[in-house]
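Close look at the chain arrangement
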Amino acid sequence: MKILKIIGLILLVAFVGIQFIPTNRNHSDYIPKSDFTEIYEVPENINTILQTSCYDCHSNNTNYPWYNKIQPFTWYLNDHIEKGKADLNFSEFGEYSSRRKSSKLRSISSQVEDGEMPLQSYTLVHWDAKLSDKEKEEITVWMDSLAMEVR
């Protein structure tokens, strides 16, 4: 029983200790000129969907949940955001080549239509990010038409 108390105490100290490890936050109030919503006239309904369901992981401005300051959740969130931004960053969309823009727009459409985005792990916590069938159709139709224009 004494060994369990020692292990418990070590785990508690480790948990408290990792809370002091600093992390970088993906937050900025600045909207660059290269932002997707700055370079395209995005309809209000599409913009709302993007802000609610996409921008937290795919832009330079994340609205963090309440648990973002608790390690190891912060590490998980930051890793998730970095991977999302590496694949698609709406804040830097204007810097992509025309070919890459078109490819990303078709990919967005395909992944939304197939239910791959937003991720289920994200919508479990962010219920408002879950897309209805109507919203999926709105996104896919608009992204497909924009992809045709970008070519």
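Quick summary incoming for the structure in this document. (Residues numbered from 1 in each chain as written. Predicted model: local features only at pLDDT ≥ 70, side-chain atom pairs only at ≥ 80, totals over all residues. Heavy atoms only, no water.)

**A short note on the overall build of the protein chain**
For the protein chain, the count of helices and strands is 7 helices and 0 strands. Counting from the amino terminus, the protein chain carries its helices and strands in the arrangement α-α-α-α-α-α-α. Its C-alpha atoms give the protein chain a radius of gyration of 19 Å, clearly above 15 Å, the size a compact globule of 151 residues would have. Principal axes of the C-alpha set define a box for the protein chain whose edges measure 70 × 30 × 25 Å. In the protein chain, which comprises 151 residues, the proportion classed as buried is 38%. (Helix = DSSP H or I, 4+ residues; strand = E, 2+ residues; numbered from the N terminus. Rg over C-alpha atoms; globule rule 2.2 N^0.38 Å. Buried < 20%, exposed > 50% of the residue type's maximum accessible area, 1.4 Å probe, protein only.)

**Describing the packing of helix α3 (residues 44-53) against helix α7 (residues 133-150)**
Running from amino to carboxyl end, α3 crosses α7 at an angle of 110 degrees, the nearest separation of the two axes being 10 Å. By the criterion of interaxial angle, the relationship of α3 to α7 is roughly perpendicular. Of the residues in α7, those touching α3 at Asn45, Ile46, Ile49 and Leu50 are Glu135, Glu138, Ile139, Trp142 and Met143. (Axes fitted to C-alpha atoms, helices over the stretch in contact; angles between N-to-C directions. Parallel < 35°, antiparallel > 145°, perpendicular 65-115°, else oblique. Contact = heavy atoms within 4.5 Å.)

**Brief notes about α7**
Counted at 1.5 Å a residue, the expected span for α7 with its 18 residues is 26 Å, and the 26 Å between its end C-alpha atoms agrees. Next to the buried residues of α7 lie α2 (36-39), α3 and α5 (98-113). (Expected span 1.5 Å × (residues − 1).)

**So, the nonpolar core**
Within the largest apolar cluster, 22 residues are counted, with the highest numbers of intra-cluster contacts made by Phe36 and Leu50. When residues of this core are traced back to their parent elements, those giving at least two are α3, α5 and α7. Broken down by element, the residue count for this core peaks at 6 residues, all from α7. Discounting chain neighbours no more than four positions away, the residues touching Leu50 are Phe36, Val42, Tyr55, Phe90, Ile139 and Met143. (Core = buried A, V, L, I, M, F, W, Y, C linked by side-chain atoms within 4.5 Å.)

**Details of a nonpolar patch on the surface**
Together, Leu9, Leu12, Val13, Phe15, Val16 and Phe20 make up a nonpolar patch on the protein surface, roughly 630 Å² of accessible area in all. Inspection of the secondary structure puts Val16 in helix α1 (residues 2-18). (Patch = residues over 30% accessible without salt bridge, like charges linked within 9 Å, V, L, I, M, F, W, Y side chains within 5 Å. Areas by Shrake-Rupley, 256 points an atom, 1.4 Å probe, with all protein chains shown as cover. Salt bridge = Lys/Arg side-chain N within 4 Å of Asp/Glu carboxyl O.)

**Considering the pattern of salt bridges**
Within the structure shown, the criterion is met by 3 salt bridges. A salt bridge links Lys104 to Asp87; the nearest nitrogen and oxygen atoms lie 3.5 Å apart. With Lys104 in helix α5 and Asp87 in helix α4 (residues 73-87), this residue pair connects regions lying 17 residues apart in the sequence. The partly exposed category is assigned to Asp87, whose relative accessible area is 40%.

**Focus on unusual backbone geometry**
Note that the residue after Met117, namely Pro118, is joined by a cis bond; omega there is -10 degrees. Within the secondary structure, Pro118 is located in the loop between α5 and α6 (120-125).

**Looking at the packing of aromatic side chains**
Tallied over the full model, the rule gives 8 aromatic pairs. Their ring planes at 5 degrees and their centres at 5.1 Å tell us that Tyr55 and Phe90 sit as a pair that is stacked. On the criterion of sequence distance, the pair formed by Tyr55 in the loop between α3 and α4 and Phe90 in the loop between α4 and α5 is long-range, its members being 35 residues apart. Across this residue pair, the class does not change: Tyr55 and Phe90 are buried. Relative to Phe93, the ring of Phe90 lies with its centre 6.4 Å away and its plane at 25 degrees, an arrangement referred to as stacked. Residues Phe90 and Phe93 agree in their burial class; the two are buried. Each residue in the set Phe36, Tyr40, Tyr55, Phe90, Phe93, Tyr96 and Trp142 is aromatic and connected to the rest through ring pairs, giving one cluster. Between the NZ or CZ atom of Arg100 and the centre of the ring of Tyr96, over which it lies, the distance is 4.0 Å. (Phe/Tyr/Trp six-rings, centres within 6.5 Å; stacked < 30°, edge-to-face > 60°. Lys NZ or Arg CZ within 6 Å of the ring centre and 35° of its normal.)

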